[in-house]
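Architecture at a glance
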2 protein chains.
Amino acid sequence: MEKRNAVVGQSGGPTSVINCSLAGVIETAAGSSAVDRVYGMRFAIEGLMEDRLVDLSDKSADLLDKLKRTPSSALGSSRHKIQDPDLPKILEILKKHEIRYFFLIGGNDTMDTIHRVERYCREQGYELFGVGIPKTVDNDLFGTDHTPGFPSAARCNILNVLQAGILARDMQRVDRYVIYQSIGRDAGWLSAAAAVARRDEAEAPHLIYLPEVVFDRERFLTDVESCISRYGWVSIVCGEGLQYADGTPVSASDTTDKFGNVEFGAMAGTSVGLNLHRMIMDRFDLRGEFQITESLIMSAMDRSVDLDRREAYECGCRAVQLATGGSSGVMVSIARSSDAPYRVGYKTAPLSEVAEKSKPMPREYINSEGNFVTEEFLEYIRPLVGETPEFAVL
Amino acid sequence: MEKRNAVVGQSGGPTSVINCSLAGVIETAAGSSAVDRVYGMRFAIEGLMEDRLVDLSDKSADLLDKLKRTPSSALGSSRHKIQDPDLPKILEILKKHEIRYFFLIGGNDTMDTIHRVERYCREQGYELFGVGIPKTVDNDLFGTDHTPGFPSAARCNILNVLQAGILARDMQRVDRYVIYQSIGRDAGWLSAAAAVARRDEAEAPHLIYLPEVVFDRERFLTDVESCISRYGWVSIVCGEGLQYADGTPVSASDTTDKFGNVEFGAMAGTSVGLNLHRMIMDRFDLRGEFQITESLIMSAMDRSVDLDRREAYECGCRAVQLATGGSSGVMVSIARSSDAPYRVGYKTAPLSEVAEKSKPMPREYINSEGNFVTEEFLEYIRPLVGETPEFAVL
């Protein structure tokens, strides 16, 4: 008799909680009479095309509990964007393993992959239920209140900026500034989150620069000078994707590559944090430091948020319920009904829309000076990131 | 009647646990019949010279408990190295506040300060008992098994390298290397500590470069290539103070300053991590990232080690017991009597020796290739840093 199997993969940049979603899929599929076996793709769609599937159906409860406390993508990940010529190969593998339920945990490129695979199968007369599970630390997915993975990465930024801010305050006679560069190329959610660390005007962070706002070097230097004169030191948070008015990345280096093009970003060995550091040094005779954390905040399971792990798990469970209930072409989404007490429900968003749209920080979440967030943003984020520690003041 | 007061300050770079030592001094002094009031110096010896003292005698038990969970130097710190002309001013303030017990929590420069103040007072016929309390994340203080603050900073490096290593393994189809730059300019203890993260040969970190070993660019690139061919990816840890055979810092930039000198290090907007990243990119056609954590690992109270907080507290208590018992010119030191079970006692080291000597990683703690640590080092460090989490493998 024909089997009805499921397959799940983890795609794009990892988070601390993406394995919770995976555990949700495995446990729900294993407990569903509609699903025979549940397979995992090694390295996402790349592994599927290479027929590198692993049977996840009989994993022990102990292993699955451990999986929920394991950061990153235990199946391995990929950033491969599928092309039309990939589709027949994908269908061949799905048929070979009698797969009728198709799950990917990822961001908008991933949702596009599910959308295209699901549509192609339909066109070819092969029944496939494809459901997406949201994931990205960047929080820029359309159609959901927030994305699993964002709260934990946000908390990591908050703890970093809060604690290094205490140190910068205590060391103000030596170093006068600390620059914290957060990931977030196109959207400022993660940089903005650091604002939660600040409970009093004099505390870190004083200034936050987001990719949604055009960066102006002179305004930046004026902001820095003003904070140092007011507080004695300054804590600066910046997103990695800042740009000047003409579209030049702030991470642009002074050097050019072998073709004579200006180099920029991490791949050229420069970064926004480093360039802001140079701007301050060039203008003022001050000491300070810059911190570049990159994927450290995407993998810090020891700093993850309970709520985030629970929601990520729940999104995995819901995806299986939706697919086995006959839904396809959708992503599980989180809908918030209340801030205090925090309450959410789970809904769906069409894959086609999620794949095409993005969700930058809305203007009302950014102050008019473009160098910090508003109270509205803080109301949005506070329920997501857990309590922050209180420290002694002598 | 003449008072016998005490003063305490926190000097040099902070740690996560230096406030535990401060709490130990305050509680022990407050409970000692030999001490009247206990004062704190704002910003260490700088604040003392400015007569910026704060009375810490009547702090509540609640505040002191909170202090033990507060990272960095709650009194404020300084890197001021005292000069002979500072000494009369210091003596004047000590006399004014009837201070007979003098404590500083710090590294070797700090021990030199206590030594000089204590000697000058003796020469001037003013009775002063000066005792040092060890502190430095760098672990390079002479005369003690390890320094309070090091275990917690080491644990932060271990967690960072461990968890980002899981991510790098899962993302090996996209990024092939991850470079983690640790603080530690002259001594490699903190970079070396990251080795605890590796429980299997294929796990992070694969390569560790320490300032105690001359850096060779070609050997480095060969090491990187060999790891990538063996494991598919590579995790690299580097100390910030690496040097080439001719003494040039590896952090040297391609640019020169306005006087025509080669610039190097964070203050020139370059760093070792960034330069290793450029070396790999220039040689191999690979993607990867570099992480620069700087003071983040000195302030991460949420990742501090219980043992470290307890020992830091105990060092503060012992300093007061020593001084009120008539000792002077010494630093409290930790003497380990056993690795398993871990056992320590508290002794003393002469300030003059601690001030003059340093403690780089001994050669037997570094492998013969100079790109990792030995089992002997792991036996030394494992009892200090607590358990590391275990993760699921699918």
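These remarks concern the structure in this document. Nothing here was measured: the structure is a model prediction, and the numbers come from that model. Along each chain, residue indices are assigned from 1 in the same order as the chain's sequence is written. Written order decides the labels, with chains lettered from A and ligands numbered from 1. This being a predicted model, a pLDDT of at least 70 is required before a residue's local features are given, and a value of 80 or more before pairs of side-chain atoms are given or counted; all residues contribute to the totals for chains, interfaces and linings. Only hydrogens and water are removed before side-chain values are computed, so all heavy atoms of the structure are retained for them.

Overview of the sheet that holds strand E4 (residues 99-106) of chain B
Residue and element names in this part refer to chain B. Being paired, for any two strands, means DSSP has found at least two bridges between them. Numbered from the N terminus, helices here are DSSP runs of H or I no shorter than four residues, and strands are runs of E no shorter than two. Taken together, the 7 strands give an open sheet; going across it, the order is E3-E2-E1-E4-E5-E12-E13, and neighbouring strands pair in mixed fashion. A strand with exactly one partner marks an edge of an open sheet, and here the two such strands are strand E3 (53-55) and strand E13 (343-350). Looking at each pair of strands side by side, their axes are set apart by 30° on average, direction ignored. Where strand E12 (residues 330-338) meets E13, 8 bridges bridge the pair, whose relative direction is antiparallel. Bridge pairing links Val332 to Thr348 in E13. Only heavy atoms enter the contact rule, under which two residues are in contact if any of them lie within 4.5 Å. Between N-to-C directions, angles span 0 to 180 degrees; the directions come from axes that are lines fitted to C-alpha atoms, helices contributing only their stretch in contact. Across the sheet, helix H1 (residues 18-30) touches strand E1 (5-10), strand E2 (38-41), E4 and strand E5 (129-134), and the angle it forms with E1 is around 175°.

Concerning the packing of helix H8 (residues 217-231) of chain B against helix H9 (residues 272-283) of chain B
Residues and elements named next belong to chain B. Two elements in contact, H8 and H9, have axes whose closest approach is 11 Å; the angle formed by their N-to-C orientations is 70°. In terms of their interaxial angle, H8 and H9 are classed as roughly perpendicular. Between H8 and H9 lies a crossing of right-handed hand. Each of Arg217, Glu218, Phe220, Leu221 and Val224 in H8 lies in contact with H9, whose residues at this interface are Leu276, Met279, Ile280 and Arg283. Residues were grouped as follows: Ala, Val, Leu, Ile, Met, Phe, Trp, Tyr, Cys and Pro as nonpolar; Asp, Glu, Lys and Arg as charged; and all remaining residues, including Gly, as polar. Broken down by class, the residue content of the contact of H8 with H9 amounts to 6 nonpolar, no polar and 3 charged. Note on terminology: angles under 35 degrees are roughly parallel, angles over 145 are roughly antiparallel, angles of 65 to 115 are roughly perpendicular, and the others are oblique. The crossing is said to be left-handed when, going from far helix to near helix, the turn is anticlockwise and less than a right angle, and right-handed when the turn is clockwise.

Remarks on the packing of aromatic side chains
Two aromatic rings, taken as a pair, are described by how far apart their centres are and by the angle between their planes. Pairing of aromatic side chains requires ring centres within 6.5 Å, counting the rings of Phe and Tyr and the six-membered ring of Trp. Pairs whose planes differ by under 30 degrees are stacked, by over 60 edge-to-face, and all others tilted. Taken as a whole, this structure holds 22 aromatic pairs over all chains when the rule is applied. When the centroid spacing of 5.4 Å and the interplanar angle of 45° are considered together, the rings of Phe215 of chain A and Phe220 of chain A count as tilted. The same class applies to Phe215 of chain A as to Phe220 of chain A, namely buried. On the basis of an interplanar angle of 80° and a centroid distance of 5.8 Å, the ring pair of Tyr209 of chain B and Phe215 of chain B is categorised as edge-to-face. As far as burial versus exposure is concerned, Tyr209 of chain B and Phe215 of chain B are alike and both buried. Joined through ring pairs, the aromatic side chains of Trp189, Tyr365, Phe377 and Tyr380 of chain A make up one cluster. One residue, Arg198 of chain A, lies across the ring of Phe372 of chain A, its end atom 4.8 Å from the ring centre. Relative accessible area decides the class of each residue, using a 1.4 Å probe on protein chains only: under 20% of the type maximum gives buried, over 50% gives exposed, and in between gives partly exposed. By the criterion adopted, a ring carries a charge over it if an Arg CZ or a Lys NZ lies within 6 Å of its centre and within 35 degrees of its normal.

What about helix H5 (residues 108-123) of chain B?
Residues and elements named next belong to chain B. A helix is expected to reach a length of 1.5 Å times the quantity of its residues less one. For H5, which comprises 16 residues, the first-to-last C-alpha distance of 22 Å matches the rise-based estimate of 22 Å (1.5 Å per residue) to within 8%. Among all positions in H5, only Thr110, Met111, Thr113, Ile114, His115, Arg116, Val117, Glu118, Tyr120 and Cys121 are buried. In this structure, the buried side of H5 is in contact with helix H2 (44-49), helix H4 (87-96), E4, E5, E12 and helix H11 (351-356). At the exit of H5 stands Gly125, carrying a positive phi of roughly 75°.

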